[in-house]
Amino acid sequence: MSAPTQPAFTTALLAGALAGTTVDLSLYPLDTLKTRLQSSSGFLASGGFTGIYRGVGSAIVGSAPGAALFFCTYEYTKSFLSARRHAKQVIEGQSEEWTAPIEHMIAASLGEVAACAVRVPTEVIKQRTQAGQYPSSLSTIKAILSQRRAIGVSGVWMELYRGWSVTIMREVPFTVIQFPLWESMKEYRRRKSGKDSISAWESGLFGSAAGAIAAGTTTPLDVLKTRMMLAKEKTAVVPLLKQILKDSGPRAFFAGIGPRILWISAGGAIFLGSYQWAYNALSGEGEP
């Protein structure tokens, strides 16, 4: 068995950028509703069903580079680890296919850490705008930057990256669930069909199923991230966790689970489907 070839950097970059922009713009209203349901101010006080595209400017700016960073890191790491496994297999003559899901978990985790460099500031601006704290993405970023005299440049930087740790805590478990499931479904389909590649619609279907499972499982972490980013003052994870339990009880950690599962299930289909389409078209592998 030959080692899989490493995808071109530009292929992963462009396919990831297209996928991220497509899913963020098409499903933005569901993301807004989910944010408002999770807000401590309450759904109606945060805007209810009005202005559901509020804050979309930050999503437009951040989605392409964030998704591109994820897929470049993910594809490179996955290919690197897979090549090492195949080389070891040739030398030692032992099959270690069981390590493939672990490789996907490591690649996805590193991809999320890389993507969060862009995603966290984007999320802070987007969610504060979605929750009605400011009328637009531009006014939100201006309000954060205006604090420079009071808290300094480092303080502004920390404000933009508010919730970095809890975002990593949410994204890594999410991708550790979603991407190995997605990859295993694709591999099963390849073996059943006898083809080396899969189509965009198959990738989208598998991405939808894997995303729905991962979304439901990680909803409590998503609630924690939203509350931290919307808080008027910076709060540590543990005190915030205790405060939510005290004020609203355990049920608060599943606020917005319906829109989240719907959003990510549909988003997984669009995100991983459009990624596969662009990847197939750019690389010349399989049918778009």
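Procedures and definitions
Residues numbered from 1 in each chain as written. Predicted model: local features only at pLDDT ≥ 70, side-chain atom pairs only at ≥ 80, totals over all residues. Heavy atoms only, no water. Helix = DSSP H or I, 4+ residues; strand = E, 2+ residues; numbered from the N terminus. Rg over C-alpha atoms; globule rule 2.2 N^0.38 Å. Contact = heavy atoms within 4.5 Å. Lys, Arg positive; Asp, Glu negative; His and termini not counted. Charge placed at Lys NZ, Arg CZ, Asp CG, Glu CD. Disulfide = S-S within 2.5 Å. Buried < 20%, exposed > 50% of the residue type's maximum accessible area, 1.4 Å probe, protein only. Axes fitted to C-alpha atoms, helices over the stretch in contact; angles between N-to-C directions. Parallel < 35°, antiparallel > 145°, perpendicular 65-115°, else oblique. Left-handed = near helix turned anticlockwise from the far one by under 90°. Nonpolar A, V, L, I, M, F, W, Y, C, P; charged D, E, K, R; others polar. Core = buried A, V, L, I, M, F, W, Y, C linked by side-chain atoms within 4.5 Å.

**A closer look at the overall build of the chain**
- When helices and strands are tallied, the chain shows eleven helices and zero strands.
- Helices (α) and strands (β) of the chain occur, in sequence order from the N terminus, as α-α-α-α-α-α-α-α-α-α-α.
- On C-alpha atoms alone, the chain measures out to a radius of gyration of 20 Å, which is about the 19 Å that the 2.2 N^0.38 rule sets for 288 residues.
- Expressed along its principal axes, the backbone C-alpha trace of the chain runs to roughly 60 × 35 × 35 Å.
- Partitioning the contacts of the chain with sequence separation of at least 6, the portion at a separation of at least 24 is 78%.
- Taking the 29 positively charged and 20 negatively charged side chains of the chain as two groups, their mean positions are separated by 10 Å.

**Description of the state of the cysteines**
- Throughout the structure, instances matching the rule amount to zero disulfides.
- Free of any disulfide, cysteine 72 has its nearest cysteine sulfur in cysteine 116, 16 Å distant.
- Note on cysteine 72: relative accessible area 10%, which makes it buried.
- Classification of cysteine 116 as buried rests on a relative accessible area of 0%.

**Structural notes on the packing of helix α3 (residues 56-92) against helix α4 (residues 100-130)**
- Contact pair α3 / α4: the axes reach a minimum separation of 8 Å and the direction vectors enclose 165°. Taken together, the axis directions place α3 and α4 in an arrangement best described as roughly antiparallel. Considering how the two elements wind past one another, α3 and α4 form a crossing that is right-handed.
- Its residues assigned to classes, the contact of α3 with α4 shows 15 nonpolar, nine polar and five charged.

**Observations regarding the nonpolar core**
- If you look at the biggest cluster of nonpolar residues, it comprises 28 residues, and the most contacted ones within it are Phe71, Tyr74, Phe179, Trp182, Phe271 and Tyr275.
- Broken down by secondary-structure element, the contributors of at least two residues to this core are α1 (9-26), α3, α4, α7 (164-193), α8 (200-217) and α11 (257-283).
- For this core, the element with the highest residue contribution is α11, accounting for seven residues.
- With residues near it in sequence (within four places) discarded, phenylalanine 179 still touches Phe70, Phe71, Tyr74, Ala108 and Leu272.
- Residues Val120, Val124, Ile144 and Met229 belong to the second largest nonpolar core, which totals ten residues.

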